[in-house]
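What the coordinates show
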Amino acid sequence: MANYTKPENALKRADELINVGQKQDALQALHDLITSKRYRAWQKPLEKIMFKYLDLCVDLKRGRFAKDGLIQYRIVCQQVNVSSLEEVIKHFLHLATEKAEQARSQADALEEALDVDDLEADRKPEDLQLSIVSGEKGKDRSDRELVTPWFKFLWETYRTVLEILRNNSKLEALYAMTAHKAFQFCKQYKRTTEFRRLCEIIRNHLANLNKYRDQRDRPDLSAPESLQLYLDTRFEQLKVATELGLWQEAFRSVEDIYGLMCMVKKTPKSSLLMVYYSKLTEIFWISSSHLYHAYAWFKLFSLQKNFNKNLSQKDLQLIASSVVLAALSVPPFERAHSASHLELENEKERNLRMANLIGFNLEPKFEGRDMLSRSALLSELVSRGVLSCASQEVKDLFHVLEHEFHPLDLGSKIQPLLEKISKSGGKLSSAPSLPEVQLSQYVPSLEKLATLRLLQQVSKIYQTIRIGSLSQLVPFFEFSVVEKISVDAVKNNFVAMKVDHMKGVVIFGNLGIESDGLRDHLAVFAESLSKVRAMLYPVPSKASKLCGIVPNLADTVEKEHKRLLARKTIIEKRKEDQERQQLEMEREEEQKRLKLQKLTEEAEQKRLAAELLERRKQRILREIEEKELEEAQALLEDTEKRMKKGKKKTLLDGEKVTKQTVMERALTEQLKERQEMEKKLQKLAKTMDYLERAKREEAAPLIEAAYQRRLVEEREFYEREQQREVELSRERHESDLKEKNRLSRMLNNKEIFQEQVISRRQAEFDRIRTEREERISQIIRARKQDRDIKRKQIYYLRCEQERITKLKEEEEARKREEAEKRKKEEAERKAKLDEIAEKQRQRERELEEKERLRREALLRGTDAPLTRLAEPTVTPPAVAAPAAAAAAQAPAAAQAPAPATGKYVPKFKLRTAEASGSAASTSTPPPPADDHWGSNRGGPRPGPRGSDRPSGDSWRSEGRSTFGSSRPRPGQR
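Residues numbered from 1 in each chain as written. Predicted model: local features only at pLDDT ≥ 70, side-chain atom pairs only at ≥ 80, totals over all residues. Heavy atoms only, no water.

Note the threshold: UniProt positions are given in the numbering used here, feature names are shortened, and annotations may be inferred rather than shown by experiment.
In the nomenclature of an unreviewed UniProt entry, the protein chain is known as Eukaryotic translation initiation factor 3 subunit A of Eutrema salsugineum. Word for word, the UniProt comment on the protein chain under Subcellular location (unreviewed entry) is "Cytoplasm".

Considering the overall build of the protein chain
What counts here: Comment: elements are numbered from the N terminus, with helices defined as DSSP H or I runs of at least four residues and strands as E runs of at least two. Throughout, a contact is declared for two residues whenever any of their heavy atoms are within 4.5 Å.
Check the secondary structure of the protein chain and you find 34 helices and 5 strands. Long-range contacts, defined as pairs at least 24 residues apart, comprise 74% of the intrachain contacts of the protein chain with a sequence gap of at least 6.

What about the sheet that holds strand S5 (residues 505-508)?
Basically, it comes down to this: When DSSP finds two or more bridges between two strands, those strands count as paired. Only the stretch in contact is used when a helix axis is fitted, and all axes are lines through C-alpha atoms; the angle between N-to-C directions ranges over 0 to 180 degrees.
The antiparallel open sheet is built from 3 strands, whose spatial order is S3-S5-S4. The open sheet has two edge strands, strand S3 (464-466) and strand S4 (497-500), and neither has a second partner. Between one strand axis and the next, the sheet turns through 20 degrees on average, direction left out of account. Here 3 bridges tie S3 to S5, and the two strands are oriented antiparallel to one another. Residue pairing in the sheet places Arg466 in a bridge with Val505 of S5.

Re the nonpolar core
The test is simple: Here, nonpolar core means buried Ala, Val, Leu, Ile, Met, Phe, Trp, Tyr and Cys residues that are tied together by side-chain atoms lying within 4.5 Å of each other. The cut-offs for exposure are 20% and 50% of the maximum accessible area for each residue type, with area from a 1.4 Å probe on protein chains only; residues under the lower value are buried, those over the upper are exposed, and the others partly exposed.
Judged by nonpolar contacts, the single largest core of 161 residues is most densely connected at Tyr53, Phe195, Tyr276, Leu397 and Ile414. The leading source of residues in this core is helix H8 (residues 139-165), at 11 residues. Residues contacting Ile414, with those up to four places away along its chain left out, are Leu397, Val400, Leu401, Ala450 and Phe476.

What about the pattern of salt bridges?
Rule in force here: Any Lys or Arg side-chain nitrogen found within 4 Å of a carboxyl oxygen on Asp or Glu counts as a salt bridge.
Going through the model one piece at a time under the given rule, you end up with 40 salt bridges. Glu692 serves as the salt-bridge partner of Arg696, at 3.2 Å between the closest nitrogen and oxygen. One end of the pair is Arg696 and the other is Glu692, both in helix H28 (residues 659-743) and 4 residues apart, which spans about a single turn. Overall, Glu692 belongs to the partly exposed group, its relative accessible area being 36%. Asp766 is paired through a salt bridge with Arg769; the nearest N and O atoms lie 3.4 Å apart. Of the two residues, Asp766 and Arg769 both sit in helix H29 (residues 747-861), 3 residues apart, roughly one turn of that helix. Beyond isolated ion pairs, a larger network of salt bridges with shared partners links Glu200, Arg203, Glu249, Arg252 and Asp256.

Things to note about the packing of helix H9 (residues 172-188) against helix H11 (residues 224-244)
The cut-off we apply is this: Under this scheme an angle from 65 to 115 degrees is roughly perpendicular, one under 35 degrees roughly parallel, and one over 145 degrees roughly antiparallel; angles in between are oblique. When residues are sorted by character, Ala, Val, Leu, Ile, Met, Phe, Trp, Tyr, Cys and Pro go into the nonpolar class, Asp, Glu, Lys and Arg into the charged class, and all the rest, Gly among them, into the polar class.
As a packed pair, H9 and H11 sit with axes 10 Å apart at the nearest point and diverge in direction by 5 degrees. On the basis of their axis angle, the class for H9 and H11 is roughly parallel. For the pair H9 and H11, the contacting residues are Glu172, Ala173, Ala176, Ala179, His180, Phe183, Gln184, Cys186 and Lys187 in the first and Ser226, Leu229, Tyr230, Asp232, Thr233, Glu236, Gln237, Val240, Glu243 and Leu244 in the second. Considered class by class, the residues forming the contact of H9 with H11 number 9 nonpolar, 5 polar and 5 charged.

As structure tokens, then:
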């Protein structure tokens, strides 16, 4: 995709591609520009680009490209410039319509060209096969190929525009206009399938509008303009549906209008209501709903009488006659319905639905069939004065059929009235919204009603009548038709009769096997016997006697009544269960059938699609081969022509010529011919050069002479023009002088007026300047005061900020001093503790040194002679106590490092140590190194400086055994 710095560059590039015939590339370039995220802001050149883009889409019939481009352009200008989008869409519709009209005007046979059931469906496989086999190249096929594609494109254009403009409050008018154009397209060309799809599309748009209520640009149906547009669209849809004869779609349109009114809770204008009820009369008449047809005519009569001020007396009489005849056309009996609960509910719902449509009420007014009946309508027509507005023959007909009793001459009285009525009718001049009223359409229904009234009246005076006599009484129909009418009347319990063709008579009365008299004859007989018994044996007046005869009669009757009610309930429940089961079975069978049908259709569609693809491939291959063969044949013919022209024969008789051979020979001949042509052209060019040079040499003096003559003529023309200009200037000057002299008389007045104006303007200027200076000075003072206030506020805020900053700094300084003080005190305390610990360690070292010296002395004492050890020695208490203390301190001293030797040791301590050592050696020898009384089981612990002296534990145990009996005195360490 090319990147353009400006949108105009893309438009220029597209024009260049169009000029060289590359419209597809130009369309792709514009499509890339429109769909690019770079140009999402609306610009004026984008509108021109959209016009060019849509022109290309229409020329190339690219509906998808047009839809994508319009969607992107809607995003761009939805919130900025909606009118631009409207202009673009109108241009698109105009182009598509114009192309379709051009194609239609080119086709001579429009009906044959438009003989397509569905514009969206592809061509059938049978049509493709027929077109391939027949090879028809006639006018019908050319028309189809010319017109139908453009009508398909126009239909796609309408769908695209409606899809883009749906649910957009800013483009409601354009949406309605497009819908109206699409309706007219379907109406003009009798496109029933497309009309149904169009109605469904518009219906879905309204349903989505109600479903998604949080859209940003959603139309507001409560607004009068929006509601009127939607109503106009629906009424146009209703009109086109009735004109096309799509009565089912017309009824759906009526329901759409009613639903729209229920949605907004508003009643439309009287003119629209007249159109609504006029279309309802047509729909109900086509559907043979005569009762609803009559009610619709009654509503239409009320609207015309109340709101149409221009209604003439003749038109009012014709409308009233239509209302009365429509009411008389309703059958005088109710249709018999089955006892199924589901069917009754459906009938009730249908009646309520029709009543709502006819009454056009937002809340249901009619409760059931009883409110919509023939008798109620006729009585209402009489009470509202509709009958008095009708024509005289209609009044006479009404009285004859509804009030008078003429069983023998009813037909002869009614027939002339019906003939007069059949000739009445026509277009209403003062009610253009109504269709043409023809009273003749009611004549068949009235003849049927007259036949039913005649049978009913004859059955009251005759029990048996001959068929021929009855046929003479009914001049409208043959007896076979009368018999069909009588069957329907008997079926709906309107008249009781039986036709006996063997005897040729008609028997009236309840004579059938299923009549009520024969069906209930036992009950009637029992009632008669009960009456006779009551007359013969009257009932006693006292109730006590009856209670004595039948004491439990009340309880028995109550029980029997309850049993019958329970039985009736069970029977009804069984019927309902049976109907429900039957409906379930039918629903399941229908689902299975639909599923099987769907699978079959899918398989058939796949098969048809595969066959279509295969046939398309074969057709393409065959067309390629035919085209190649035609090209080879054309080349061969050209080669033969050139051979005849040049009297050359390159092909031998009977030689087999292939396409490749013909193409090679044709190319060779073309190359030779091109070379010869180039030689001829070179020779001709040289000849033309000689001729042109000779012409120019001859023409040079002639051109010079003509130039000189032209100079002379132009000089003369210049002098004449100059003289004329001088004369005109002189004349203008003289006229100006005269004008000056004429105006000089007003010079004093002009100066006076000028001085007045100048003085007035000067005073006004001074006043305005003074006011301006005063206003400026006030503004300056106000601004100065504002600046002073702001400066004071800023100074106050700065001082307050400095004070807070100073307080914070003082607080931080205080916290730092306290932290430093705590650190200093902690350091001093730690130093004191270290000094105390050092003194303690020094004391422990002294004790260890003493212990070491004592042990060395003991070790030296072990080497003395035994004689010396045997000498009696008395250890004084003063010496024993320090020895015991030293022995107690031995373990701690053994763990501390031994101090250096060289200290002074008293003699008595040495002697005491020697004496204790000799006693220990004689009494208890030292334990071995691996004794368990020693320090560790792993072996002897080495002494300080690696000596092999015993561990502290062995000497400690020895000291306890030696000095255990001696204790230090109190106060002695």
